[in-house]
Amino acid sequence: TTKFDLLIETIVKDANVLHTLVDDLHIEKLILQIGSSPMPSHETTPIPIQFYQYKDSIENDIQQADLVISHAGAGTILQTLEANKPLLVVINEQLMNNHQLEIAHVMEKQGYLYFCTCATLAETLKKFVNHRFEQYEKGNPLLFGRYLNEIMTE
Amino acid sequence: MNQKKTISTLIVLGSGKYDHFSTSSSCQSGHLGGHTTEMFRLLSGTDPNVYKPRHYMIASTDKMSAKKMNEFERNTLEDMDVTFINRSRHVGQSYISSVFTTLWAFFTVIPFVYRIRPKLILINGPGTCIPIVIASLLLSILFLIRRPKIVFVESICRVQSLSLTGKILQYLPVNILVQWPQLTERYPKTQYIGRLV
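The structure displayed is predicted, hence computed values, not measured ones.

Novice: Just give me the short version of the pairing of strand S4 (residues 87-91) of chain A, but keep the residues and values in it.
Specialist: Side-chain positions along a regular strand alternate between the two faces of the sheet. Residue and element names in this part refer to chain A. Buried residues dominate S4, accounting for five of its five residues. Burial along S4 is two-sided: the residues Leu87, Val89 and Ile91 and Leu88 and Val90 are all buried. A crossover links strand S3 (residues 68-70) with its parallel partner S4, the connecting element being helix H4 (residues 74-82), and its sense is right-handed. Two elements, S4 and strand S5 (residues 114-117), share four bridges in a ladder whose sense is parallel. The partner of isoleucine 91 across the bridge, within S5, is threonine 117.

Structure, rendered in structure tokens:
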């Protein structure tokens, strides 16, 4: 596809979004994972941008970030929450089915992140100003180990 | 020294993308390997000296799962083996032809399950699980193997509804674990023991 990813385009070009990012949230640099979509022109973006298509692991980028904005992939959501970073999940309403919203929805309800659409990105970003998210607790695989031990000795 | 009993375990790895039964894209599919990441997190909470040998089954095209498995097992190669199966299903294949390829998968896994005769089968999502479950049940009904314990762990993405695989497995003798408590109200055959990944 030669279409630009709407989220990337919005971040890079939407004046309201950029105003909130730069002036309210004091973001000084953008690092973008753009996937297979082309990179839109960004001469008018007021802060420096570094972008790449894919990386084996975005762990380092997450660790260095002050804010993460992402689509609703569960892997990225969990990685970001486990790194205790503020996270904005952007839902693509056309591509996603109801159950894909479920994880974003329940995580927002528990106070771990905010989610929005590209259309509501700017206004949702404002909520991040001086906002403290709930601390995400990682799941516990030992519970699974104990469960297995129990059922295997039945 | 008291030798702990070992439990031969079959672990099915896969990504949602190759899911026979996926008609809608899973929230894992954009993140290829989401199921596999969850499975290795689950395994990290188990005793590798008890749950061995670990027999992995991976689709031949699933490089990501093979990579994660090698990473997880880098110090324990003598306790595991891996079997790659051929995936004849294409993404976007029609439902009717999916039935045929599922039947084909079923017949190819029967000798595999018979050979390794696991005591425990761990599955967490991809549609490849279902032929494995049915093959093992069939073999045990025919007294060819002892019936293994089968544990299906639903993805953390599933908050309000079970996956299609999960829904089907409700009707089979499978232990189903969910990771959000509200699911047990809607699906009484499932169990919630806490968030696991």
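Novice: Residue-level account of the interface of chain A and chain B, with values.
Specialist: The interface is formed by 33 residues belonging to chain A together with 37 residues belonging to chain B. Counting the surface lost from both chain A and chain B, the interface buries some 2900 Å², and carbon and sulfur atoms represent 62% of this. Close ionic contact of A:Glu82 with B:Arg41 constitutes a salt bridge, the shortest N to O distance being 2.6 Å. For the pair chain A and chain B, the number of links is 12 residue pairs in polar contact (both at pLDDT 80 or more). Secondary-structure elements contributing two or more residues to the side of chain A that touches chain B are H4, helix H5 (98-109) and helix H7 (141-152) of chain A. Residue contributions to the side of chain A that touches chain B peak at 10 residues, all from H7(A). Tallied by class, the residues present in the side of chain A that touches chain B amount to 17 nonpolar, 10 polar and six charged.

Each value, and the rule that gives it
Residues numbered from 1 in each chain as written. Chains lettered and ligands numbered in written order. Predicted model: local features only at pLDDT ≥ 70, side-chain atom pairs only at ≥ 80, totals over all residues. Heavy atoms only, no water. Buried < 20%, exposed > 50% of the residue type's maximum accessible area, 1.4 Å probe, protein only. Helix = DSSP H or I, 4+ residues; strand = E, 2+ residues; numbered from the N terminus. Right-handed = clockwise from strand over helix to strand, strands pointing away. Pairing = 2+ DSSP bridges. Contact = heavy atoms within 4.5 Å. Buried area = accessible area lost by both parts, 1.4 Å probe. Salt bridge = Lys/Arg side-chain N within 4 Å of Asp/Glu carboxyl O. Polar contact = N/O pair within 3.5 Å; in protein donor to acceptor, adjacent residues only side chain to side chain. Nonpolar A, V, L, I, M, F, W, Y, C, P; charged D, E, K, R; others polar.

Everything listed here is a matter of coordinates, which is why it stays silent on function.
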